[in-house]
Amino acid sequence: KWHANYNKLARFQKEHGHCKPRGPTHAKLYEWSSDQRKKRRKGKLSEDQIELLDKIDFPWEANTTKWIEMYRELKDHHNDKGHLRVGQDDNSNLYDWMDAQRKRYHGIVKKPIMTDNQIEKLEDISFCWSLDGKE
């Protein structure tokens, strides 16, 4: 049953580009998703289940969706320009977001806690963790 619901959510994510089902059409999937968050907080999800949900960018917290949007914007920038250098004048939102990721990584900003999945995604595109933004 868990895998059947997971597969429904994975299909939803593929169709809509996110894992936040809403509205009467997706009420059961919304409820199931909400249950997964609660189960994780209570330690009732297996590592395999968490890993599968991470693979489809499941939003464990409300601001996870915003993180994914900004990550995609950074990845698009990387694909278009061939680098990750973003000036404050070019795109101040992305510049500030990158600065916040560095501070979270180094523990300067404690919350929200950076997940291993977020670190891996940024490392996959050679994100620079240096606080001055230079390699």
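Values in this document were obtained by computation on a predicted structure and should not be read as measured data.

The rules we used
- Residues numbered from 1 in each chain as written.
- Predicted model: local features only at pLDDT ≥ 70, side-chain atom pairs only at ≥ 80, totals over all residues.
- Heavy atoms only, no water.
- Axes fitted to C-alpha atoms, helices over the stretch in contact; angles between N-to-C directions.
- Helix = DSSP H or I, 4+ residues; strand = E, 2+ residues; numbered from the N terminus.
- Parallel < 35°, antiparallel > 145°, perpendicular 65-115°, else oblique.
- Contact = heavy atoms within 4.5 Å.
- Nonpolar A, V, L, I, M, F, W, Y, C, P; charged D, E, K, R; others polar.
- Patch = residues over 30% accessible without salt bridge, like charges linked within 9 Å, V, L, I, M, F, W, Y side chains within 5 Å.
- Areas by Shrake-Rupley, 256 points an atom, 1.4 Å probe, with all protein chains shown as cover.
- Salt bridge = Lys/Arg side-chain N within 4 Å of Asp/Glu carboxyl O.
- Lys, Arg positive; Asp, Glu negative; His and termini not counted.
- Charge placed at Lys NZ, Arg CZ, Asp CG, Glu CD.

Enquirer: How do you make sense of the packing of helix H4 (residues 64–81) against helix H6 (residues 116–124) when you look at a structure like this?
Expert: Each packed pair of helices is defined by two parameters, the angle between the axes and the distance between the axes. Between H4 and H6, the least distance of the axes is 11 Å, while the angle of their chain directions is 10°. In terms of their interaxial angle, H4 and H6 are classed as roughly parallel. Contact with H4, carried on its side by Trp67, Tyr71 and Leu74, involves Gln118, Lys121 and Leu122 of H6 and no other residues of that element. Here the contact of H4 with H6 is composed, by residue class, of 4 nonpolar, 1 polar and 1 charged.

Enquirer: What should I look at first to understand a nonpolar patch on the surface in this one?
Expert: Residues Ile108, Val109 and Leu131 make up a contiguous nonpolar surface patch of roughly 250 Å² in combined accessible area. Its location among the elements puts Val109 in the loop between helix H5 (92–105) and H6.

Enquirer: For this particular structure, what's the right way to read a negative patch on the surface?
Expert: A cluster of acidic residues, Glu47, Asp48, Glu51, Asp116, Glu120, Glu123 and Asp124, forms a negative patch on the protein surface. Among the secondary structure elements, those contributing two or more residues to the negative patch are helix H3 (47–55) and H6. Among the elements that make up the negative patch, the one with the highest residue count is H6 (4 residues). Mapped onto the secondary structure, Glu120 falls in helix H6.

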